[in-house]
Amino acid sequence: MHKTTVYLSAEQKQRIKVVARKSGTSEAEVIRAAVDSYTEEKGSEPLWPKSAGIARSGRVQSENLDEWLAENWQRDW
């Protein structure tokens, strides 16, 4: 585990407190579950940038980068 400081509004803090009390868990566990839920949803997106900027046109869409590299990459070594 890593310690992180997060600033929350009074309303957010209160909602976390209520959820923790109702679920019988700690506020930290509520926050970790919320972070997991949010990042799992967002984490399915590729880590490539939107455009690699390496094609003749100046752009290769990230979802096609692996295919473009396989077809066009020429090693100089």
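Before going into details, it helps to say that this report is about the structure given with it. (Residues numbered from 1 in each chain as written. Predicted model: local features only at pLDDT ≥ 70, side-chain atom pairs only at ≥ 80, totals over all residues. Heavy atoms only, no water.)

1. Digging into the layout of surface pockets
No. 1: Its volume calculated, the largest pocket comes out at about 480 Å³.
No. 2: Surrounding the largest pocket, 17 residues form its lining, Val6, Ala28, Ile31, Arg32 and Val35 being those nearest its centre.
No. 3: Of all the secondary-structure elements, those providing two or more residues to the lining of the largest pocket are helix H1 (10-23) and helix H2 (27-42).
No. 4: For the lining of the largest pocket, the element with the most residues is H2, which contributes 6 residues.
No. 5: Tallied by class, the residues present in the lining of the largest pocket amount to 9 nonpolar, 4 polar and 4 charged. (1 Å grid on protein atoms, 1.4 Å probe; cavity = no way out; pocket = protein on both sides within 12 Å on 5 of 7 lines; lining within 4 Å. Points joined across faces, edges and corners; volume = space filled by probe spheres on them. Helix = DSSP H or I, 4+ residues; strand = E, 2+ residues; numbered from the N terminus. Nonpolar A, V, L, I, M, F, W, Y, C, P; charged D, E, K, R; others polar.)

2. Focus: the environment of Ala20
No. 1: Checked against the element boundaries, Ala20 lands in helix H1.
No. 2: The class of Ala20 is buried, set by a relative accessible area of 4%.
No. 3: Separated by 11 residues in sequence, Ala20 and Ile31 place their C-alpha atoms 9.3 Å apart.
No. 4: If we ignore the near neighbours within four places in the chain, the residues touching Ala20 are Thr25, Ser26, Glu27 and Val30. (Buried < 20%, exposed > 50% of the residue type's maximum accessible area, 1.4 Å probe, protein only. Contact = heavy atoms within 4.5 Å.)

3. Here's the deal with a nonpolar patch on the surface
No. 1: A surface patch of nonpolar side chains, about 310 Å² in accessible area, is lined by Val6, Leu8, Ile31 and Val35.
No. 2: Tracing the backbone shows Val6 in the segment before H1. (Patch = residues over 30% accessible without salt bridge, like charges linked within 9 Å, V, L, I, M, F, W, Y side chains within 5 Å. Areas by Shrake-Rupley, 256 points an atom, 1.4 Å probe, with all protein chains shown as cover. Salt bridge = Lys/Arg side-chain N within 4 Å of Asp/Glu carboxyl O.)

4. Some thoughts on H1
No. 1: Taking 1.5 Å of rise per residue, the 14 residues of H1 would be expected to cover 20 Å, and the 20 Å separating its terminal C-alpha atoms lies within 8% of that figure.
No. 2: Just downstream of H1 lies Gly24, where phi reads positive at about 70°. (Expected span 1.5 Å × (residues − 1).)

5. Structural notes on the environment of Glu11
No. 1: Its location among the elements puts Glu11 in helix H1.
No. 2: The exposure class assigned to Glu11 is exposed, which follows from its relative accessible area of 54%.
No. 3: In this structure the side chain of Glu11 is engaged in a polar contact, spanning 2.5 Å, whose partner is the side chain of Arg15. (Polar contact = N/O pair within 3.5 Å; in protein donor to acceptor, adjacent residues only side chain to side chain.)

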